[in-house]
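Here are the chains, one letter per residue:
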Amino acid sequence: MKPLFMVLLCTISINSFAQKESSPYIKFGKITVDELVKKKYPIDTSANAVVLSDIGSSTVDGNNSGWFSLINTRHTVIHILKKTGYDEANIQIPLYVDGSREEKVSGLKGITYNLENNKIVETKLDKSNQFTEVKDKNHKVIKFTMPQVREGSIIEFQYEVTSEFISVLDPWYFQSLSVPTLWSEFDFTVPEFFSYNFFNQGYQQLAYSDRVNNQRNFVVGGAGTERVSFTAGVTTYHWVIKNSPQLKEENFTLSLRNHISRMEFQLASQKEPLTPRSYRSTWPEITSGLLESENFGEKLNANNGWMAADVKPLFQGSDNNVEKAKKIYEYVRDNFKFNDQYGVYTSQSLKNVFKTKQGSAAEINLLLTAMLRYADLDANPVLLSTTSHGYAFEYSPMINSMNYVVVQFSDKGVSYYLDATQPRLGFNRLPLYCYNGHARLVNKTADPLYFVADTVMETKTTFIHFSNLNNGKWEGAISQKPGYYESYHIRNKIAENGKEEFFKEIQKNYGTSATIANQEIDALKDLNDPLTVTYGLKMNIGDEDLLYINPTFGEGYKKNPFASMERSYPVEMPYKQEEIIIVTIEVPNGYKLDELPKPIIVHLDESGKSFFEYRISEASGIVSLINRIHLDRAFFNPDEYDQLRSFFELVVKKQAEQIVFKKIK
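Reading the values: rules and limits
Residues numbered from 1 in each chain as written. Predicted model: local features only at pLDDT ≥ 70, side-chain atom pairs only at ≥ 80, totals over all residues. Heavy atoms only, no water. Helix = DSSP H or I, 4+ residues; strand = E, 2+ residues; numbered from the N terminus. Buried < 20%, exposed > 50% of the residue type's maximum accessible area, 1.4 Å probe, protein only. Contact = heavy atoms within 4.5 Å. Pairing = 2+ DSSP bridges. Axes fitted to C-alpha atoms, helices over the stretch in contact; angles between N-to-C directions. Polar contact = N/O pair within 3.5 Å; in protein donor to acceptor, adjacent residues only side chain to side chain. Expected span 1.5 Å × (residues − 1). 1 Å grid on protein atoms, 1.4 Å probe; cavity = no way out; pocket = protein on both sides within 12 Å on 5 of 7 lines; lining within 4 Å. Points joined across faces, edges and corners; volume = space filled by probe spheres on them. Nonpolar A, V, L, I, M, F, W, Y, C, P; charged D, E, K, R; others polar. Salt bridge = Lys/Arg side-chain N within 4 Å of Asp/Glu carboxyl O. Arc of directions from axis to C-beta. pLDDT = per-residue confidence, 0-100. Patch = residues over 30% accessible without salt bridge, like charges linked within 9 Å, V, L, I, M, F, W, Y side chains within 5 Å. Areas by Shrake-Rupley, 256 points an atom, 1.4 Å probe, with all protein chains shown as cover. Lys, Arg positive; Asp, Glu negative; His and termini not counted. Charge placed at Lys NZ, Arg CZ, Asp CG, Glu CD. Phe/Tyr/Trp six-rings, centres within 6.5 Å; stacked < 30°, edge-to-face > 60°.

Below, the discussion takes up the overall build of the protein chain. Each helix and strand in the protein chain was counted, giving 10 helices and 36 strands. Counting only C-alpha atoms, the protein chain reaches 100 × 75 × 50 Å along its principal axes. For the protein chain, the proportion of its 665 residues judged to be buried stands at 51%. If you take every contact in the protein chain between residues at least 6 apart in sequence, the share linking residues at least 24 apart comes to 73%.

This is the structure in structure tokens:
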């Protein structure tokens, strides 16, 4: 199942709807006493702060360099309500740099408003509160902190950024990840000789949207270049979203960036009086460029004769191509260290990566590709966007929408996908953060691929058996086979902390009334398959008249994973899943069965493919339980949230029910 997008592609027109309104904070400096005395807002009475108004604009205009610039403005008003909202007074302005060209900030001003003796006291932002931080060769940030901020302060600031990089505008975020936003507004003014694509994402509805056509004079050049003046039509697009709640992170969210309400822009084309040109790229154009790039494809296409001494011995004696690929993959996985750097391009030669035994994801996986090719195997890089990076736009090709490289190895019509950055990850397995939708094979045709959570099924099976002992104790045997990715997680924990610590955690879950023994883990070193955890358990059941036993023995859900009453964006589980608990219990000596939970089968949806099954019965002194949860998909739309939440509420409640044994007198 492909990820759901709320995307609007607009190059010519956009509909107008609703009646036009204005922010009450259009003019700078119009803060009142009534606003400062306010303590809370209906949108979220517990909010630490509230964005009262956030107004931005971008305008394409001529510049002195003989081309065009973007003039970007922003005017923001925020009410700080609690000390925990002080972070809203720390402002960052990101700027892009490319050699001698860089975005420039001007007109920065800010005021903090406080109420003292029922009078407004203004404290202006001073230059001493501002500083510049260089992130890397292409990015820097202007940072400032608003002065004299305390509970009840209203802060207001505005600035202008001039940019020569007109191809891609910074996105406009109508919604915040930290506080509610009452009013967010953005204008984009573009001349008729430029065409842009607009991408509207998120789940907040536009309150207002329109476009206005006009005429404008453009002056291009001067200060050393030929000066040209002409008049052309311009269109101003206008968008408003009101009363956006804070976008809070919930369980089963791949990336909030996928769902925050925002508008993104990309230059599509130019026409007369400029030289007609299309800026739209195709995926084949992008991948062809990568194959020619010295920081990507050149390294794959090189002779790489230096591999002979080290690579040939890895696969000598292998019976088939898959066996060859496995040996090369395992060598890279087990001998190279990932430096936690994502990205598409390399910054060092593959020979140097091989020598130092460390590199970025692109460097390690391109090295793996080159080594597979050296062994005459069919291998190609794959571009994808990780879950933390957000969805990649399939129909608007952009290299910066991708941030990770893995490998496709093909043999006899079967494709295998490899990532050698992660220790203990099996052959033909990808980290879960790679399952984020659209991807592209790096070949001349840029074949589309889809890595989605609905293609991954995790099955976890637990067997529990309890029988009587003569000394008044119960003895249990537990055998658990987790799914592959849970097994991978367990292997990593054991590699870090040891098996003893792993079983200590299991002991803690049972408390002091039970003791585990005979702990074993099978297939710990077999990284291509799930492992099996087994242990014995002795329980002192006491001598009470009534004995209460939870038949899942703590293996079920203890609380609903969907705690929020409402959710405005999808549920994105990392995989489809099936959890099975099979239990047999001997009725304790000296007791008889008094009460048994009722069996139940509940379907999550009308298809019946996702369900909860709880079958329990007693025969000949043996209580038997089959507890099964099967989810046949990983992605659920917001309008399905209530049903999903109710389903798990029932699961939690049912799995908390207990068997009652009564003492025989």
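All right, on to the sheet that holds strand β4 (residues 101–102) then. Spatial strand order, β4-β3-β8-β7: 4 strands in an open sheet with antiparallel pairing. Each having just a single partner strand, β4 and β7 (130–136) make up the two edges of the open sheet. As judged from the 6 bridges shared by β7 and strand β8 (residues 139–145), these two strands associate in the antiparallel manner. When the bridges of β8 are listed, D136 appears paired with H139.

So, about the sheet that holds strand β13 (residues 208–220). Picture the strands of a sheet paired through backbone hydrogen bonds; they go either parallel or antiparallel. Read from one edge of the open sheet, 8 strands run β6-β5-β9-β2-β1-β11-β14-β13, paired in mixed fashion. Pairing within the sheet leaves two strands with one partner each, and these edge strands are β6 (119–124) and β13. Within this sheet the neighbouring strands show an average axis-to-axis angle of 15 degrees, counted without direction. As paired strands, strand β5 (residues 104–116) and β6 are joined by 6 bridges and run antiparallel to one another. Opposite E116, over in β6, you have K119 as the bridge partner.

As a further point, take the side chain of S396. Checked against the element boundaries, S396 lands in the loop between β19 (378–384) and β20 (404–411). With relative accessibility at 4%, the residue S396 sits in the buried group. Polar side-chain contacts of S396 include one of 2.5 Å to the side chain of Q266. With residues up to four places along the chain from it excluded, the contact list for S396 reads F199 and Q266.

The next thing to look at is helix α8 (residues 484–497). Here α8 contains 14 residues, and its C-alpha end-to-end distance of 20 Å stays within 8% of the 20 Å for a straight helix at 1.5 Å per residue. The elements touched by buried residues of α8 are β24 (457–468), α9 (499–510) and β26 (514–522). Remark: G498 follows α8 within two positions and exhibits a positive phi of approximately 95 degrees.

What follows concerns unusual backbone geometry. E272 connects to P273 through a cis peptide bond whose omega is 15 degrees. The backbone phi angle of Q148 is positive, close to 55 degrees, even though this residue is not glycine. By the element assignment, Q148 lies in the loop between β8 and β9 (154–163). Residue S620 is not a glycine yet carries a positive backbone phi of 55 degrees.

Taken as a whole, the second largest pocket spans an internal volume of roughly 1,400 Å³. For the second largest pocket, the lining is made up of 43 residues, of which K460, Q480, E486, G554 and E555 are closest to its centre. Only β24, α8, α9, β27 (532–540), β28 (546–549) and β30 (576–586) provide two or more residues apiece to the lining of the second largest pocket. A per-class count over the lining of the second largest pocket returns 20 nonpolar, 13 polar and 10 charged.

For a regular strand, side-chain orientation follows a simple rule: the groups alternate between the two sheet faces. Of the two faces of strand β3 (residues 90–98), the one holding I91, I93, L95 and V97 is buried and the one holding N90, Q92, P94, Y96 and D98 is not buried anywhere. Bridging between β3 and β8 involves 7 bridges; their strand directions are antiparallel. For P94, the partnering residue across the bridge sits in β8 and is V141. The sheet contact formed by β3 and β4 spans 2 bridges and is antiparallel.

To continue, consider the pattern of salt bridges. Two side chains with opposite charge may pair up if their charged atoms get near one another. As enumerated under the stated definition, the model contains 22 salt bridges in all. Salt-bridge contacts for D61 lead to R216; the nearest nitrogen and oxygen are separated by 3.1 Å. A residue pair is termed long-range when its members are at least 10 positions apart, and D61 in strand β1 (residues 49–62) and R216 in strand β13 qualify at 155 residues. R216 gets classed as partly exposed once you look at its relative accessible area, which sits at 27%. Linked through salt bridges whose partners overlap, the residues forming this network are E578, E613, R615 and R628.

Attention shifts here to helix α2 (residues 283–292). Within α2 the residues assigned to the buried category are W283, I286, T287, L290 and L291. For α2, the arc enclosing every buried residue in end-on projection is 135 degrees, short of the 170-degree limit, so these residues lie on one face. The inward-facing, buried residues of α2 contact α3 (297–301), β19 and β22 (437–441).

Turning to the environment of N214, a few remarks are in order. Considering the arrangement of structural elements, one finds N214 in strand β13. Along the primary structure N214 and D545 are separated by 331 residues, whereas in three dimensions their C-alpha atoms are 87 Å apart. The contact partners of N214, leaving out residues within four places of it in the chain, are A232, G233 and V234.

What follows concerns the confidence of the model for the protein chain. Mean pLDDT for the protein chain: 92, with 96% of residues reaching 70 or above. Taken as a whole, residues 1–18 scores under 50 in pLDDT and shows 60 contacts with residues more than four places along the chain or in a different chain.

This part is about the side chain of S401. Looking at the element boundaries, S401 is found in the loop between β19 and β20. Contacts of S401, omitting those with residues within four sequence positions, involve W283, S385, H389, A392 and F393.

Before going further, it helps to examine a negative patch on the surface. On the surface, E520, D522, D526 and D529 cluster together to form a negatively charged patch. Position of E520 relative to the elements: it lies in strand β26. Residue classification places E520 among the exposed positions, given a relative accessible area of 53%.

Moving on, we come to the packing of aromatic side chains. When we look at a pair of aromatic rings, we describe it by the centre distance and by the angle of the planes. Evaluation of the coordinates by the stated rule reveals 50 aromatic pairs. When the centroid spacing of 6.1 Å and the interplanar angle of 80 degrees are considered together, the rings of W67 and F194 count as edge-to-face. Placement of W67 in the loop between β1 and β2 (68–80) and of F194 in strand β12 (residues 194–201) is noted, with a sequence separation of 127 residues between them. Judged by relative accessible area, which is 31%, W67 ranks as partly exposed. Given the relative accessible area of 5%, F194 is considered buried. Aromatic side chains F199 and F393 sit 4.8 Å apart centroid to centroid with 25 degrees between the ring planes, which places their arrangement in the stacked category. Here F199, found in strand β12, pairs with F393, found in the loop between β19 and β20; they are 194 residues apart in sequence, far enough to count as distant. Relative accessible area serves as the criterion here: at 2%, F199 is assigned to the buried category. A relative accessible area of 8% means that F393 is categorised as buried.

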